[in-house]
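Observations on chain architecture
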Amino acid sequence: MAEKLTNVVNLPSPHGGTLVERILQADPREYEHLPALELDAQGYADLELIATGVYSPLQGFMGEADYRRVLEEMRLSGGLPWSIPITLAVPRSQAVLYRRRVRLVWNGKTVGLLEVEEQYQPDKRQEALAVYRTANPAHPGVAALLARGEVYLAGGVYLLHLDRGPFPEHHYTPRETRRIFAQRGWKTVVAFQTRNPIHRAHEYLHKVALEQLDGLFLNPLVGATKADDVPASVRMEAYKVLLEHYYPKERVLLGVYPAAMRYAGPREAVLHAISRKNYGCTHFIVGRDHAGVGQYYGPYEAQEIFSAFRPEEIGIQIVKFEHSFYCRACQAIVTPRTCPHDSQHHLVLSGTRVRELLRAGAPLPAEFTRPEVAAVLRSAYQAKAVEHR
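Residues numbered from 1 in each chain as written. Predicted model: local features only at pLDDT ≥ 70, side-chain atom pairs only at ≥ 80, totals over all residues. Heavy atoms only, no water.

This paragraph deals with the UniProt feature "domain: ATP-sulfurylase PUA-like" (unreviewed entry) in the protein. What UniProt calls "domain: ATP-sulfurylase PUA-like" (unreviewed entry) maps, in this numbering, to residues 13-160. End-to-end, the C-alpha atoms of residues 13-160 are 26 Å apart, and along that stretch the chain is 26% helix and 25% strand. (UniProt positions renumbered as here; feature names shortened; annotations may be inferred. Helix = DSSP H or I, 4+ residues; strand = E, 2+ residues; numbered from the N terminus.)

Shown next, in the form of structure tokens:
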């Protein structure tokens, strides 16, 4: 169920050379006799990303050889770059139930199959230190890792049906995005990852890239995130109003990235780049503190980590930007490379400060975000405040 792709417009080949596709379109009732394994949000997201080819060349959850080498060297057992273990955990007390074929359940529905080939016990402390640079359970990724079961199941997976989720008109598979890019004649496509509401600094990065490249794939993450992150539905509405008023429609594609957020900083940046390569993108923007949380990673470590690989091994060009902000003296969005003024002239709002302003019903500065986007965010926060009264 994997197929070589014809490279119509010089888009990169999928990671490993073949786009994996493992969707059966089968009736779940055929598999009701199999033992059931209930997935968590991350497990379901990983199942879809494997089955649709976003995680090519993976065809299932990782076995121990891949797992160990990914932790130690950021490579699969065969040597291909890969930065984060994609695994499926179960409690030790339940592992005996899952010996061969298992039906995977999400929200009470059978959604996929796992052909169990291997069971092994991970070293979670080693995994936390390798992937997250910390074993502190205050880190959301570490907390999620420690909360999962003690035994990992490995083997090939199948998705029974592709659920397009809450944003069906923007939910594309890699085969579909590659077809769209080809139809539009895009020979160069830059992807942008975000889990936050879009603002003027993001817009600046996009448009600088579009000055040189054919198309922008705006690919926000819409899977599970921290409780205090802005909900995906609100972020999507903000993206839509921004694209409607300020971007050339024929040069942008808005498509969701249905992954769960791991907050793994540099290592997650590599996974995000490989995923966008599989979607067919030629370039990927990595800015300041990509996929970061708290103070666990240096501001530009997510850019520096790519030096661990030869460019041809990653196969997608990394577009590195420094921190961008509005300078009142320059009267423009700038970076430290282009602005001569000190910080007293700079408008920089943290996510925390933005949320404080929204909760208070205060306006967001026009220099920080477009008024249409601010209106979407303010409306959502006010509605939430009414719900909690």
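The rest of the description comes next.
Right, let's get into the domain arrangement of the protein. Each domain of the protein was delimited in the assignment, giving domain 1 (28-159) and domain 2 (171-387). Of note, the centres of domain 1 and domain 2, computed from C-alpha atoms alone, are 28 Å apart. Interface area for domain 1 against domain 2, summed over the two sides, is near 2600 Å², with a carbon-plus-sulfur share of 60%. The largest per-residue losses of area from domain 1 upon contact with domain 2 belong to Val54, Met74 and Arg133, which jointly make up 22% of the total buried on that side. (Domains from an automatic or database assignment. Buried area = accessible area lost by both parts, 1.4 Å probe.)

Time to look at the packing of helix H3 (residues 124-132) against helix H4 (residues 140-147). Running from N to C, H3 and H4 cross one another at 155°; their axes reach a closest spacing of 10 Å. Looking at the two axes, H3 sits roughly antiparallel to H4. Here H3 and H4 pass one another in a crossing that is right-handed. Across from Lys124, Glu127, Ala128 and Tyr132 in H3, the residues of H4 making contact are Gly141, Val142, Leu145 and Leu146. Taken together, the residues of the contact of H3 with H4 break down into five nonpolar, one polar and two charged. (Axes fitted to C-alpha atoms, helices over the stretch in contact; angles between N-to-C directions. Parallel < 35°, antiparallel > 145°, perpendicular 65-115°, else oblique. Left-handed = near helix turned anticlockwise from the far one by under 90°. Contact = heavy atoms within 4.5 Å. Nonpolar A, V, L, I, M, F, W, Y, C, P; charged D, E, K, R; others polar.)

Right, let's talk about the sheet that holds strand S11 (residues 252-254) for a bit. Strand order in the open sheet formed by five strands is S11-S10-S9-S12-S13, and the pairing between neighbours is parallel. In the strand order of this sheet, the two ends are held by S11 and strand S13 (317-320), each with one partner. Each adjacent strand pair in this sheet contributes to an overall mean axis angle of 25°, direction not counted. Here two bridges tie strand S9 (residues 189-192) to strand S12 (residues 283-286), and the two strands are oriented parallel to one another. The residue of S12 that forms the bridge with Ala191 is Phe284. In the packing of helix H5 (residues 174-183) onto the sheet, contacts are made with S9, strand S10 (215-218) and S11, and the angle to S11 comes to roughly 160°. (Pairing = 2+ DSSP bridges.)

Those residues of H5 that fall on the buried side of the exposure criterion are Pro174, Glu176, Thr177, Arg178, Ile180 and Phe181. In this structure, the buried residues of H5 make contact with strand S2 (19-20), S9, S10, S11 and helix H8 (266-279). (Buried < 20%, exposed > 50% of the residue type's maximum accessible area, 1.4 Å probe, protein only.)

The next thing to look at is the pattern of salt bridges. The tally for this structure, following the rule as stated, stands at 20 salt bridges. Measuring nitrogen to oxygen at the nearest pair gives 3.4 Å for the salt bridge that ties Arg195 to Asp229. Taken together, the residues Arg195 in the loop between S9 and helix H6 (200-210) and Asp229 in the loop between S10 and helix H7 (232-246) connect sequence positions 34 residues apart. The two residues Arg195 and Asp229 agree in class, both being buried. With a shortest N-O distance of 3.2 Å, Glu322 and Arg337 are connected by a salt bridge. One end of the pair, Glu322, is in the loop between S13 and strand S14 (325-327); the other, Arg337, is in the loop between strand S15 (332-334) and strand S16 (346-347), and 15 residues separate them in sequence. The class of Glu322 is partly exposed, set by a relative accessible area of 27%. Among the charged side chains, a salt-bridge network with shared partners connects Arg75, Arg310, Glu312 and Glu313. (Salt bridge = Lys/Arg side-chain N within 4 Å of Asp/Glu carboxyl O.)

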